[in-house]
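Structure at a glance
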Amino acid sequence: MATPLDRLRRLIPPSAGDGHHRDWTAVEERLRLPLPQDYKDLVDVYGGGQFSDHVGLLVPPPTRIGSELVTYNDGHMGDLDNLWSILDDRPAELAADDLRLVVWSDTIDADSLNWLVRPGEPADVLPGAE
């Protein structure tokens, strides 16, 4: 059975990637959380960069300025908490204080794609999956 990454490779054949080996253990230690294996596989195949000149993949170093995964996420939840306290509109799905959003991609429209991290749940488990 084809994996999602296999299907993506057929749709968007990867170039040679960026040729960099990432020390995933060190990255996960810096983030203080495990990363989903499918994200690590995606970065290992494609490296950093953009899909369709729209979605930019955040990756561990070495990478282009502004797209480094750990640096991009430093203080991210604090920034969101401040914004939500000002606007008084924290999403109900994120009501628990121990949840964390981790940005893994951004877009040219200034949107971000995030993982919802729940304490004690493995990184590869989708919410509600059993």
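What this report covers is the structure whose coordinates are included nearby. (Residues numbered from 1 in each chain as written. Predicted model: local features only at pLDDT ≥ 70, side-chain atom pairs only at ≥ 80, totals over all residues. Heavy atoms only, no water.)

Details of the pattern of salt bridges
Rules: We define a salt bridge as a side-chain nitrogen of Lys or Arg found within 4 Å of a carboxyl oxygen belonging to Asp or Glu. Strands here are runs of E lasting at least two residues and helices are runs of H or I lasting at least four, both read from the DSSP assignment and numbered beginning at the N terminus. Residue burial is assigned from relative accessible area. The probe radius is 1.4 Å, only protein chains are included, and a residue is buried under 20% of its type maximum, exposed over 50%, and partly exposed in between.
Enumeration according to the criterion identifies one salt bridge in this entry. For Lys-40, the salt bridge identified is with Glu-28, shortest N-O distance 3.0 Å. With Lys-40 in helix α3 (residues 37-46) and Glu-28 in helix α2 (residues 24-31), the pair connects residues that are 12 residues apart, well separated along the chain. Of the two residues examined, Lys-40 and Glu-28, each falls in the buried class.

What about the pairing of strand β4 (residues 112-117)?
For clarity, the threshold we go by: Between any two strands, at least two bridges found by DSSP are needed for them to pair.
As paired elements, strand β3 (residues 100-107) and β4 share six bridges and run antiparallel to each other. Opposite Val-102, over in β4, you have Trp-115 as the bridge partner. Following β3, the chain reverses through four residues before pairing antiparallel with β4; Ala-110 in that reversal takes a positive phi of roughly 70°.

A look at the packing of helix α1 (residues 4-11) against α3
Under the convention used in this document: Interaxial angles span 0 to 180 degrees and are taken between N-to-C directions of axes, which are lines fitted to C-alpha atoms, for helices over the stretch in contact. Every angle not falling under 35 degrees, over 145, or within 65 to 115 is termed oblique; those three ranges are roughly parallel, roughly antiparallel and roughly perpendicular. A clockwise turn of the near helix away from the far one marks a right-handed crossing, whereas an anticlockwise turn of less than a right angle marks a left-handed crossing. For this analysis, residues touch if any pair of their heavy atoms sits within 4.5 Å.
At their nearest, the axes of α1 and α3 sit 11 Å apart, and the two run at 30° to each other. Classed by the angle they form, the pair α1 and α3 counts as roughly parallel. Seen from above, α1 lies across α3 with right-handed handedness. Counted together, Leu-5, Leu-8 and Arg-9 of α1 and Asp-41, Leu-42, Val-45 and Tyr-46 of α3 form the full contact between these two elements.

Examining α3
Within α3, the full set of buried residues consists of Tyr-39, Lys-40, Leu-42, Val-43, Val-45 and Tyr-46. Downstream of α3 by one or two residues, Gly-47 has phi in the positive range, about 70°.

Structural notes on the sheet that holds strand β2 (residues 55-57)
One open sheet accounts for four strands, arranged β1-β2-β3-β4; its pairing is antiparallel. A single partner strand is all that each edge strand has here, and the edge strands are β1 (49-51) and β4. Going from strand to strand, the sheet's axes swing by 40° on average, the running direction of each strand aside. By the bridge criterion, three bridges tie β2 to β3 in an arrangement that is antiparallel. When the bridges of β3 are listed, Val-55 appears paired with Thr-107.

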